[in-house]
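Results of the structural survey
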Amino acid sequence: MRRRDFIINSALALGGTALLTGCGKKEIQKSQNQVVRRKFKDTDMPLIALGCMRLPMRNDKIDMVELDKMVEYAMAHGANYFDTAYMYVDGKSENAIGEVLKKYDRESFILADKCPAYLVNSPSDVRKLCEEQLKKCQVKYFDNYMVHNINKNTISNYRDNNMYEELLKLKNEGLIKNIGFSFHGDPAMLREVIKEHKWDFCQLQINYLDWEVVNADELYQIADEAKVPVIVMEPLRGGVLCNLPDKAAQKLKEECPDDTQASFGLRWVASKERVFTILSGMSNLQQLKENVDTFVNYRKLSEKEEKTAHQIAQIIQSQGAISCTACKYCMEVCPRGINIPAIFGLYNMYKGNSAPNAGFMFVYNYNALDESTRADKCIKCGLCNKNCPQNLDIPKLLDEVKEAHKKAEKETA
């Protein structure tokens, strides 16, 4: 590792801030290859944005050198929208992206953050949290700021503490430009929330699998009918749609040979006209380059490709995969520290892989997990269910994985 790279990462590991630039602001070296943009109010937004929930990691720390390179590449190609949140990367995401973005003129990038509704116990908490986040991100205002994760467990916090009214005060003071919310509830709740106030935008989980299996189509329709602009989160379902089961991957290769699994999923989301930007949780420079390329050389989705997406979703469903997006909200409340996303991810790969050694690899990778974080350590307290945006019955599913592991272990012994 170069000396400068070592200094940057070491400073962050010690809890300090890394000196990524000199006194002046960095000039953006614009590439001729710019991502396609869509109009949002009076601003042209990049159709692809860097979601900062899954940042690059090195030795269990955010890799600031890699993140710096990613931001530089994104800015050069016009993908200048960055989305963070209070709890992302164990509360370190805001500091990290703020440290990198401080090199650039504030008007050159678009920064979104979220007020954690679960921490709001009084109206005054909204301002306190926003001011704390502005400081962590080293900016004087947020372009987009939202009530984070409205669902059945947080809606009372949002309503009882007049969060919208408090956000409106911040907007009038210039601390935020646009007010929105991210949502993980049912359609009936979304209808209520959208009607309650005049929102600048909403952030919804939309992808071609959820369109079929959950209710993403209805959620989108509600926002579309209300003419509320949409930001999309989880366009690739937490990586599920770029790690397709063999049969689904083969189908995509046959029907859309010019697409990667990721580019196809992103193009599908972009076909929804109410969407003005798509958040992708890219965790290394290569992923960023591939996603940027999708929107530099953007192709509209055809009717045939729409049918292909439907067919792939059906294949995935038939494989019995668990609808987990690896958001890790369940782990925030698990008293036993069970690595639920990792367990479900291994199970999904096992169920979707027809290779002869699939069972062996499932057992091998499962056994590589820390013994204290495996499925059999679940005490069925149910706290995870209350925090799951996908409304999964996690203890029951953990039992299924546990039994599948036992069976595979016997078969591969």
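Above this text you will find the structure in question.
All figures in this text were calculated on a predicted structure; none of them were measured in a lab.

With that settled, consider the packing of aromatic side chains. Two numbers describe a pair of aromatic rings. These are the distance of the centres and the angle of the planes. Following the criterion strictly, the structure yields 16 aromatic pairs and no others. Between Phe181 and Phe183, the aromatic rings sit 6.3 Å apart at their centres with planes inclined by 80°, giving edge-to-face as the arrangement. Since its relative accessible area comes to 1%, Phe183 is described here as buried. The interplanar angle of 65° and the centroid separation of 6.2 Å between the aromatic rings of Tyr208 and Trp268 together place this pair among those described as edge-to-face. Residue Tyr208 is found in the loop between strand 10 (201-205) and helix 9 (210-213), and its partner Trp268 is found in helix 12 (residues 261-270); the two are separated by 60 residues along the sequence. Trp268 matches Tyr208 in its accessibility class, with the two residues each being buried.

Pairing between sheet strands relies on hydrogen bonds along the backbone, with the strands arranged either parallel or antiparallel. As summarised here, the arrangement of the eight strands in space is 3-6-7-8-9-10-11-12, forming a closed barrel in which the pairing is parallel. Averaged over all pairs of adjacent strands, the angle between their axes in this sheet comes to 30°, without regard to strand direction. Sheet analysis places strand 6 (residues 81-83) next to strand 7 (residues 110-116), joined by three bridges and oriented parallel. Bridged to Tyr81 within strand 7 is Ile110. Running over the sheet, helix 5 (residues 123-137) touches strand 7, strand 8 (142-150) and strand 9 (176-183) and is turned about 140° from strand 7. Where helix 10 (residues 216-225) meets the sheet, its contacts fall on strand 9, strand 10, strand 11 (230-233) and strand 12 (275-280), and the angle it forms with strand 10 comes to roughly 170°.

It is worth spelling out the pairing of strand 1 (residues 37-40) at this point. Of the two faces of strand 1, the one holding Arg38 and Phe40 is buried and the one holding Arg37 and Lys39 is not buried anywhere. In terms of strand pairing, strand 1 meets strand 2 (residues 43-46) through four bridges, oriented antiparallel. In the sheet register, Arg37 faces strand 2, and the bridge partner there is Pro46. In this antiparallel pair of consecutive strands, strand 1 and strand 2, the connection spans two residues, and Lys41 shows a positive phi of 55°.

Attention now moves to the nonpolar core. Soluble, globular proteins show a tendency: their nonpolar side chains are buried together. With 99 residues, the main nonpolar core has Leu67, Phe82 and Phe181 as its most contacted residues. Not counting the four nearest positions on each side in its chain, Leu67 is found in contact with Leu50, Leu55, Pro56, Ile62, Ala96, Ile97 and Val100. Leu346, Tyr366, Cys384 and Leu392 belong to the second-largest nonpolar core, a separate cluster that totals 25 residues.

Here the focus is the side chain of Asn151. Looking at the secondary structure, you find Asn151 in the loop between strand 8 and helix 6 (155-160). Looking at Asn151, its side chain comes within polar contact range of the main-chain nitrogen of Asn153, at 2.7 Å.

In this section: the environment of Arg374. You can see Arg374 is positioned in the loop between helix 17 (358-367) and helix 18 (383-387). A relative accessible area of 16% places Arg374 in the buried class. Considered as a pair, Arg374 and Ile150 are 224 residues apart in the sequence and their alpha carbons are 30 Å apart. With sequence-adjacent residues up to four places away left out, Arg374 is seen in contact with Ile338, Ile343, Tyr366, Asn367 and Leu369.

This part takes up the pattern of salt bridges. Summed over all chains, the structure comprises 31 salt bridges. A salt bridge links Glu72 to Lys26, with the shortest nitrogen-to-oxygen separation between them at 2.5 Å. Within this pair, whereas Glu72 is found in helix 2 (residues 64-76), its partner Lys26 is found in the loop between helix 1 (3-13) and strand 1, the two being separated by 46 residues in sequence. Using a relative accessible area of 36% as the deciding quantity, one classes Glu72 as partly exposed. Using a relative accessible area of 27% as the deciding quantity, one classes Lys26 as partly exposed. Beyond isolated ion pairs, a larger network of salt bridges with shared partners links Asp259, Arg267, Arg299 and Glu305.

Cut-off values and rules
Residues numbered from 1 in each chain as written. Predicted model: local features only at pLDDT ≥ 70, side-chain atom pairs only at ≥ 80, totals over all residues. Heavy atoms only, no water. Phe/Tyr/Trp six-rings, centres within 6.5 Å; stacked < 30°, edge-to-face > 60°. Buried < 20%, exposed > 50% of the residue type's maximum accessible area, 1.4 Å probe, protein only. Helix = DSSP H or I, 4+ residues; strand = E, 2+ residues; numbered from the N terminus. Pairing = 2+ DSSP bridges. Axes fitted to C-alpha atoms, helices over the stretch in contact; angles between N-to-C directions. Contact = heavy atoms within 4.5 Å. Core = buried A, V, L, I, M, F, W, Y, C linked by side-chain atoms within 4.5 Å. Polar contact = N/O pair within 3.5 Å; in protein donor to acceptor, adjacent residues only side chain to side chain. Salt bridge = Lys/Arg side-chain N within 4 Å of Asp/Glu carboxyl O.

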